[in-house]
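Take a look at the letters that make up each chain.
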Amino acid sequence: MSDSESRFEAVRATGLTDLIGREDELYFLLERQRLAWKGEGQVVLISGEPGIGKSRLVAALAERIAGEPHTRLRYQCSPYHTNSALRPFIAQLERAAGFKADDTSEQRLDKLEAVLAMGGSRVQARSAAFCCAAVDPVRRAVSAAGAQPYAAAPPDARGTARSIRGSRPPAADPALVRGRELGGCHLPRATRSDWSSGCANYRSLHCSPSDRSSSRPGLVSPTSAPCRSVASTSNDVESMVAQVTGGRVPPAEVMKQIVAKTDGNPLFVEELTKAVLEAGILVEDAEGYRLDGPLPPLAIPATLQDSLMSRLDRLAPVREIGQIGAAIGRDFSYSLLRAVVGRDETALKHALAQLEQAELVFRRGEPPEAVYSFKHALVRDAAYESLLKSRRQQLHGQIARALEERFADIVASQPEIVAHHFTAAGLVEPAIDYWLKAGQQAARRSANAEALNHLARGLELLPKIDDPMLRNKSELLLQTSLGHSLRAIKGWSIDSVKHAYTRALQLCKESGFDEHTLPAVFGLWTWNFLRAALGEAQAVAEHLVNTAENADDSVFKVLAHEALGLPYLRAGICRCPRGVRTQH
């Protein structure tokens, strides 16, 4: 595993709090680990409410087996990448290869091939697919080397698993694979079960924490490990509080409220204790803490959200930096934050250091390559929700523009991220443009389910465009792309394919977009021809020929006349109209 891949590795320097009240769950995971090490691959889904300690439990497992030879891999999805095919696996490859923002395509290709070379003889067969999946800009270099084109060899999850682990045979070192929210990550349909079932043939234990109790991230018969509430007794909560306070005991009245309000949620216990310490209502003495007067009625927040907000409010001078980071996402890079903030770099580093000191964010690496992560998704949500709606929109617009101007690699490889920020900013026209690009890119990668989701987001925004010509052209491009992806998933002759192409053709006729007629009409012709609706296919082909005559495109004309002639052939009519027989 690469250095500091998660917030637990990032905070290791300051030390993790002890795991309390999780003996049964940890024993359960250790039993599964022993089975996996014997060759019986295990997949465990850990479910429970946010903040209850699911990821901490997996981190404790990793600590317990740290002395045993094994390979550790981590995959994490995010709300921004739910429709980005194989994004957790691509990100893991990028980390393993050591990609840097200023690497050239050739340098990235060399690094990626070096990582894949660990897989032995299979590397050449897999390298083209992986290069196109992880480094879209290197496709030209891969093609120049004579590798198989990307569209012909989309990466699959089983291949990812084999190559990342070096195509290890079952007798090789066992593996601990840690996934996070993979239920929200889209895997290509054909490989959704291959990931876990294929890896289960190896000596590997797959642990996937999820906040959704009904989540089943494409796994085959996962073993369920629901996390119960920790605080079966107040002693558990008191032990957690003591770790945060350094062993100093708060007053009984304060402790009673912490026990009552947190309901044993470890994140809430930790954050509420810190909020109380930072509120200034306690005075430190030789024996612990005491109240400096009567306990104010609202001194102790009632909810985790209120607790987090109170801590952010006390960091008012640097709170804005946290809010901007929250607008970027759960993880945000120093370079993007600096581009959006636009303030003195020394002041920015100081503000980030204060957020680190408060343990609201953790840092991986050093600026300008540093990446920051919020301690928990709930911390990020609290910072984001503290923004006024108008300020949120402004920030998302600034983030999108910064990505366009300074981060061409993200724009090229992850247009859905730019689309998300433009959408949240209320800038409809560029948002639709990027949703279209994201859909077309996903379709080129054979990730048609993801493409449909991207295109649907674009279609949802169409009513907000005032200019009818621009609205019609945007819908035309979206509907045409939608038809292509629908037929790839569901077949050429289903009704939804006809609807998409019919709507596209209607827009062509209404707005005079002749240059976009071919894909729409040809798609509609194919729908009719495959359903043996030869009369309708003939009528569509005639329209296609009439349009092709006015276009300076020989390919267009050839396809149009082929479409006109095939229905006659299908119907057994050998004497076609003169125009069909004389065109070449």
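Note that the coordinates shown come from a computational prediction; the quantities given were computed from them, not determined experimentally.

Caption draft 1: Main features of the overall build of the protein. Within the protein, the secondary structure is distributed over 28 helices and 10 strands. A total of 584 residues make up the protein; the buried ones form 52% of that total. Of the roughly 26400 Å² that the protein leaves accessible, carbon and sulfur atoms contribute 51%.

Caption draft 2: How the structure looks around the pattern of salt bridges. Evaluated as defined, the whole model comprises 24 salt bridges. Across the salt bridge formed by E31 and R34, the nearest N and O atoms sit 2.6 Å from each other. Residue E31 and its partner R34 are both found in helix α2 (residues 23–37); the two are separated by 3 residues, about one turn of the helix. For E345, the salt bridge is made with R338, and the minimal N-O distance between the two is 3.2 Å. The exposure class assigned to E345 is partly exposed, which follows from its relative accessible area of 31%. Taken together, the shared-partner salt bridges connect E270, E271, K274, E278, R311, R314, E359 and K375 into one network.

Caption draft 3: Structural detail: the side chain of E416. Relative to the helices and strands, E416 is located in helix α20 (residues 415–424). Of the side chains with opposite charge, R445 comes closest to the buried, unpaired E416, at an N-O distance of 6.4 Å.

Caption draft 4: Local environment of the packing of helix α23 (residues 468–490) against helix α24 (residues 495–511). Following both chains from N to C, one finds α23 and α24 inclined at 155°, their axes separated by 8 Å at the closest point. One finds that α23 runs roughly antiparallel with respect to α24. Where α23 crosses over α24, the handedness of that crossing is left-handed. In this structure, α23 contributes M469, N472, E475, L476, Q479, T480, L482, G483, H484, L486 and R487 to the contact, and α24 contributes S496, V497, A500, Y501, R503, A504, L507, C508, E510 and S511. Among the residues forming the contact of α23 with α24, the class breakdown is 10 nonpolar, 7 polar and 4 charged.

Caption draft 5: The environment of L461, seen in detail. One can find L461 in helix α22 (residues 448–461). In this structure L461 comes out as buried when scored by relative accessible area, which is 10%. Discounting residues that sit within four places of it in the chain, L461 has contacts with T423, V428, A431, I432 and W435.

Caption draft 6: Seen up close, the nonpolar core. Grouped together as the largest cluster of nonpolar side chains are 99 residues, with contacts concentrated most on V254, I321, L336, L337, L352, L355 and L403. By size, the runner-up hydrophobic cluster in this structure holds 16 residues, among which are L57, L61, A62 and I65.

Caption draft 7: Quick peek at the packing of aromatic side chains. As enumerated under the stated definition, the model contains 5 aromatic pairs in all. A ring pair is formed by F422 and Y434, whose centres lie 5.8 Å apart and whose planes are at 20°; its orientation type is stacked. Here F422 is found in helix α20, whereas its partner Y434 is found in helix α21 (residues 428–444), with 12 residues between them in sequence. Y434 gets classed as buried once you look at its relative accessible area, which sits at 7%. Ring centres 4.8 Å apart and planes at 15° place the aromatic pair W525 and F529 in the stacked group.

Caption draft 8: Spotlight on the sheet that holds strand β9 (residues 361–364). If you walk across this open sheet you meet the 3 strands as β8-β10-β9, and the pairing is antiparallel. Both outer strands of the open sheet, β8 (331–333) and β9, are each paired with one neighbouring strand and no more. Going across the sheet, the axis of each strand differs from the next one's by a mean of 25°, ignoring polarity. The pairing of β9 with strand β10 (residues 371–374) spans 4 bridges and is antiparallel. Paired with R364 across the two strands is V371, which belongs to β10.

Caption draft 9: Main features of the environment of L336. With respect to the secondary-structure elements, L336 resides in helix α15 (residues 334–341). When residues no more than four places from it in sequence are discounted, the contact partners of L336 are I328, I399, A402, L403 and F407.

Caption draft 10: Seen up close, helix α4 (residues 87–97). For α4, a buried count of 9 out of 11 residues is recorded, marking the element as mostly surrounded by other parts of the structure. Positive phi appears at G98, one or two residues downstream of α4, with a value of about 75°.

Caption draft 11: Spatial organisation of the pairing of strand β4 (residues 204–210). With 7 of its 7 residues buried, β4 lies for the most part within the structure. Along β4, one buried face is formed by S204, H206, S208 and S210 and the opposite face, lined by L205, C207 and P209, is buried too.

Caption draft 12: Geometry of the packing of helix α14 (residues 316–328) against helix α16 (residues 345–357). In the contact formed by α14 and α16, the axes pass within 9 Å of each other and the chain directions differ by 90°. Taken together, the axis directions place α14 and α16 in an arrangement best described as roughly perpendicular. For the pair α14 and α16, contact is made by V318, I321 and G322 and by L348, A351, L352, Q354 and L355, respectively. For the contact of α14 with α16, the per-class residue count stands at 6 nonpolar, 2 polar and no charged.

Reading guide: rules and limits
- All residue numbers refer to positions counted from 1 along the written sequence of the respective chain.
- A pLDDT threshold of at least 70 governs which residues receive local features in this predicted model, and a stricter bar of 80 or more applies before side-chain atom pairs are shown or counted, although totals over entire chains, interfaces and linings include all residues.
- Think of the side-chain values as coming from all heavy atoms in the structure, minus any hydrogens and water.
- Counting from the N terminus, the helices are the DSSP runs of H or I reaching at least four residues and the strands are the DSSP runs of E reaching at least two.
- Each residue is assigned to one of three classes by its accessible area relative to the maximum for its type, calculated with a 1.4 Å probe on protein chains only: buried under 20%, partly exposed between the two thresholds, exposed over 50%.
- Areas reported here follow the Shrake-Rupley algorithm with a probe of radius 1.4 Å; residue values treat only the protein chains shown as occluding.
- For this analysis, a salt bridge means a side-chain nitrogen from Lys or Arg found within 4 Å of a carboxyl oxygen belonging to Asp or Glu.
- None of His or the chain ends enter the tally, which takes Lys and Arg as positive and Asp and Glu as negative.
- For helices, the fitted line uses only the C-alpha atoms of the stretch in contact; every axis is such a line through C-alpha atoms, and the angle between N-to-C directions lies from 0 to 180 degrees.
- Roughly parallel here means an angle under 35 degrees, roughly antiparallel means over 145, roughly perpendicular means 65 to 115, and every remaining angle is called oblique.
- Whether a crossing is left-handed or right-handed is set by the direction in which the near helix is turned from the far one by less than a right angle, anticlockwise for left-handed and clockwise for right-handed.
- Two residues qualify as a contact provided that any one of their heavy atoms is within 4.5 Å of a heavy atom in the partner residue.
- Side-chain classes follow a simple rule in which Ala, Val, Leu, Ile, Met, Phe, Trp, Tyr, Cys and Pro form the nonpolar group, Asp, Glu, Lys and Arg form the charged group, and the remainder, Gly included, forms the polar group.
- Take the buried residues of types Ala, Val, Leu, Ile, Met, Phe, Trp, Tyr and Cys, join any two whose side-chain atoms come within 4.5 Å, and each joined set is a nonpolar core.
- Any two rings among Phe, Tyr and Trp, with Trp reduced to its six-membered ring, count as a pair given centres within 6.5 Å; such a pair is stacked if its planes are under 30 degrees apart, edge-to-face if over 60, and tilted if neither.
- Should DSSP find at least two bridges between two strands, the strands are taken to pair.

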